[in-house]
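# Fold and contact review
Chain residues, written in single-letter form:
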Amino acid sequence: IDHPTIVGTIKETILNGIGQRTDLAKVVYDNTGDYKKTIYNVLDELEGKLWKMSRGPNNSKNYSLI
């Protein structure tokens, strides 16, 4: 997937302490204007390559950089 703006914004957002999937997508959407579906696809596609996902309370998905 070639979305350097989304990838950069995701990394920056995680570094700023926002790692929960829905909050992360909202911040990236607000900053880039890209579709949330595209943001979720980038999150899923690059999981394990640039960031890792762990399960939190209530089965939430939390991301952290590798």
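Report on the accompanying structure. Each residue is numbered by its place in its chain's sequence as written, counting from 1. For this predicted model, a pLDDT threshold of at least 70 governs which residues receive local features, and a threshold of 80 or more governs which side-chain atom pairs are given and counted, while totals over whole chains, interfaces and linings are taken from all residues. As a convention, hydrogens and water are excluded, and side-chain values are obtained from all of the structure's heavy atoms.

## Observations concerning the side chain of Thr 9
Under the convention used in this document: Only runs of H or I of at least four residues qualify as helices and only runs of E of at least two qualify as strands under DSSP, and these elements are numbered from the N terminus. Two N or O atoms form a polar contact when they lie within 3.5 Å of each other; inside protein one atom must be a possible hydrogen donor and the other a possible acceptor, and for residues adjacent in sequence the pair counts only when both atoms belong to side chains. Residue contacts are defined here by distance: any two heavy atoms, one from each residue, within 4.5 Å place the two residues in contact.
Tracing the backbone through its elements, the reader meets Thr 9 in helix α1 (residues 4–15). From its side chain, Thr 9 meets the backbone oxygen of Thr 5 in a polar contact 2.7 Å long. The contact partners of Thr 9, leaving out residues within four places of it in the chain, are Val 28, Asn 31 and Thr 32.

## Description of the nonpolar core
Soluble, globular proteins show a tendency: their nonpolar side chains are buried together. What counts is decided by this rule: Here, nonpolar core refers to any group of buried Ala, Val, Leu, Ile, Met, Phe, Trp, Tyr and Cys residues whose side-chain atoms link them within 4.5 Å. Exposure classes here rest on a 1.4 Å probe applied to the protein chains alone. A residue is buried below 20% of its type maximum, exposed above 50%, and partly exposed in between.
Judged by nonpolar contacts, the single largest core of 13 residues is most densely connected at Ile 10, Val 42 and Trp 51. Mapped by element, the contributors of at least two residues to this core are α1, α2 (21–32) and α3 (36–45). With 4 residues, the single largest contributor to this core is α1. The residues touching Trp 51, leaving out its near neighbours within four places in the chain, are Val 7, Ile 10, Lys 11, Ile 14, Val 42, Leu 43, Leu 46, Tyr 63, Ser 64, Leu 65 and Ile 66.

## Let's talk about the packing of α2 against α3
To keep things clear, this is the line we draw: As a rule, the C-alpha atoms of each element are fitted with a line to give its axis, helices using only the stretch in contact, and angles between N-to-C directions run from 0 to 180 degrees. For classification purposes, angles smaller than 35 degrees are called roughly parallel, those larger than 145 roughly antiparallel, those between 65 and 115 roughly perpendicular, and all remaining angles oblique. Crossing handedness: left-handed means the near helix sits turned counterclockwise from the far one by under a right angle, and right-handed means the same turn made clockwise.
Between α2 and α3, the least distance of the axes is 10 Å, while the angle of their chain directions is 125 degrees. By the angle class used here, α2 and α3 are oblique. Handedness of the α2/α3 crossing: right-handed. Contacts between α2 and α3 pair Arg 21, Thr 22, Leu 24, Ala 25, Lys 26, Val 28, Tyr 29 and Thr 32 from the former with Lys 36, Ile 39, Tyr 40, Leu 43 and Asp 44 from the latter.

## What about the packing of α1 against α3?
Packed helices, taken two at a time, are described by the angle their axes make and the gap between the axes. Orientation of α1 relative to α3, taken along the N-to-C sense of each, is 70 degrees, at an axis distance of 10 Å. The orientation of α1 relative to α3 falls into the category roughly perpendicular. Contact residues: α1 offers Ile 6, Val 7 and Ile 10, while α3 offers Thr 38, Ile 39, Val 42 and Leu 43.

## Structural notes on the pairing of strand β2 (residues 61–65)
To keep it simple, the criterion reads: The criterion for strand pairing is that DSSP finds at least two bridges linking the strands in question.
When strand β1 (residues 51–55) meets β2, the two strands line up antiparallel, connected through 5 bridges. Residue Trp 51 lies in a different strand from β2, and its bridge partner there is Leu 65.

## Here's the deal with α1
Given 3.6 residues per helical turn, the α-helix brings residues three or four places apart onto the same face. So the rule is basically this: Working rule for helices: expected span equals 1.5 Å times residues minus one. Directions drawn from the helix axis to the C-beta atoms are what define this arc.
Taking 1.5 Å per residue as the helical rise, α1 with its 12 residues ought to reach 16 Å, and the 17 Å between its terminal C-alpha atoms agrees with that figure. Restricting attention to buried positions, one finds in α1 the residues Ile 6, Val 7, Thr 9, Ile 10, Thr 13 and Ile 14. Within α1, the buried residues cover an arc of 165 degrees as seen down the axis, which keeps them to one side. Of the exposed residues in α1, those oriented more than 90 degrees away from the buried face are Pro 4, Glu 12 and Leu 15. Against the buried residues of α1 lie α2, α3, β1 and β2. The positive-phi residue at the C-terminal boundary of α1 is Gly 17, with phi of around 100 degrees.

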